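Residues per chain are reported as follows:
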Amino acid sequence: MQPEAMAYSNRDANYVMNVHARWETAVEDERCIAWAREFFNRSQPYASGGAYVNFLTGDEADRTAFAYGASYERLVALKKKFDPTNLFRINQNILPT
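The following refers to the structure shown.

A look at the overall build of the protein
At step 1: Within the protein one finds 3 helices and 0 strands.
At step 2: Reading the protein from its N end, one meets helices and strands in the order α-α-α.
At step 3: In summary, the protein has a C-alpha radius of gyration of 16 Å against a globular reference of 13 Å for 97 residues, an excess of more than 25%.
At step 4: A principal-axis box enclosing the C-alpha atoms of the protein has dimensions of 45 × 30 × 15 Å.
At step 5: For the protein, the proportion of its 97 residues judged to be buried stands at 23%.

Overview of a nonpolar patch on the surface
At step 1: Together, Val 16, Tyr 52 and Phe 55 make up an exposed nonpolar region whose accessible area comes to about 260 Å².
At step 2: Residue Phe 55 is classed as partly exposed on the basis of its relative accessible area of 33%.

With respect to helix α3 (residues 72-82)
At step 1: Three or more residues of α3 are buried, namely Tyr 72, Leu 75, Val 76 and Lys 79. Axial view of α3: buried residues confined to an arc of 105 degrees, hence all on one face. Set apart from the buried face of α3 by more than 90 degrees, the exposed residues are Glu 73, Lys 81 and Phe 82.
At step 2: Tucked into the core, α3 has its buried residues touching α2 (64-68).

Considerations on the side chain of Ser 43
At step 1: Locating Ser 43 in the fold gives a position in helix α1 (residues 29-43).
At step 2: Among the polar contacts listed, one links the side chain of Ser 43 to the backbone oxygen of Phe 40, at a separation of 2.8 Å.

Observations regarding unusual backbone geometry
At step 1: In this structure, Asn 86 takes a positive phi of about 60 degrees despite not being glycine.
At step 2: Positionally, Asn 86 belongs in the segment after α3.

Focus on the layout of surface pockets
Where empty space is left can be seen by rolling a probe of water-molecule size over the atoms.
At step 1: Within this model, the largest pocket holds a volume of roughly 1,000 Å³.
At step 2: What lines the largest pocket is a set of 33 residues, and nearest its centre among them are Met 17, Asn 18, Val 19, Phe 40 and Arg 63.
At step 3: Per-element accounting of the lining of the largest pocket gives the leading share, 6 residues, to α1.
At step 4: Considered class by class, the residues forming the lining of the largest pocket number 18 nonpolar, 11 polar and 4 charged.

Section: the packing of aromatic side chains
At step 1: Tallied over the full model, the rule gives 2 aromatic pairs.
At step 2: Geometrically, the ring pair formed by Trp 35 and Phe 39 is stacked, given 5.6 Å between the ring centres and 20 degrees between the ring planes. Of the two residues, Trp 35 and Phe 39 both sit in helix α1, 4 residues apart, roughly one turn of that helix.
At step 3: Of the residues examined, Phe 39 reaches a relative accessible area of 40% and is grouped as partly exposed.
At step 4: Ring geometry for Tyr 52 versus Phe 55: centroids 4.9 Å apart, planes at 80 degrees, classification edge-to-face.

Reading the values: the criteria
- Residues numbered from 1 in each chain as written.
- Predicted model: local features only at pLDDT ≥ 70, side-chain atom pairs only at ≥ 80, totals over all residues.
- Heavy atoms only, no water.
- Helix = DSSP H or I, 4+ residues; strand = E, 2+ residues; numbered from the N terminus.
- Rg over C-alpha atoms; globule rule 2.2 N^0.38 Å.
- Buried < 20%, exposed > 50% of the residue type's maximum accessible area, 1.4 Å probe, protein only.
- Patch = residues over 30% accessible without salt bridge, like charges linked within 9 Å, V, L, I, M, F, W, Y side chains within 5 Å.
- Areas by Shrake-Rupley, 256 points an atom, 1.4 Å probe, with all protein chains shown as cover.
- Salt bridge = Lys/Arg side-chain N within 4 Å of Asp/Glu carboxyl O.
- Arc of directions from axis to C-beta.
- Contact = heavy atoms within 4.5 Å.
- Polar contact = N/O pair within 3.5 Å; in protein donor to acceptor, adjacent residues only side chain to side chain.
- 1 Å grid on protein atoms, 1.4 Å probe; cavity = no way out; pocket = protein on both sides within 12 Å on 5 of 7 lines; lining within 4 Å.
- Points joined across faces, edges and corners; volume = space filled by probe spheres on them.
- Nonpolar A, V, L, I, M, F, W, Y, C, P; charged D, E, K, R; others polar.
- Phe/Tyr/Trp six-rings, centres within 6.5 Å; stacked < 30°, edge-to-face > 60°.

See below:
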């Protein structure tokens, strides 16, 4: 299958890693978020360079196009055609620009 035949094209990856941290109190926010971001950054040299859109957080909307890679522009055109009012937007959104 051609990578651009699907919305998510990184189907040849052997593994998927999701850095997912949880904690119990707000006082731990800064420390735990810093730990997760540091772990993510230190693992980057071993990554394929892709991203899985469903693992992106609300503050990573700028990485949506990166996650879809070569398929992004095609998905924007489809969004513009089938959802021009952006009704389906409760996710890492593709804007109908």
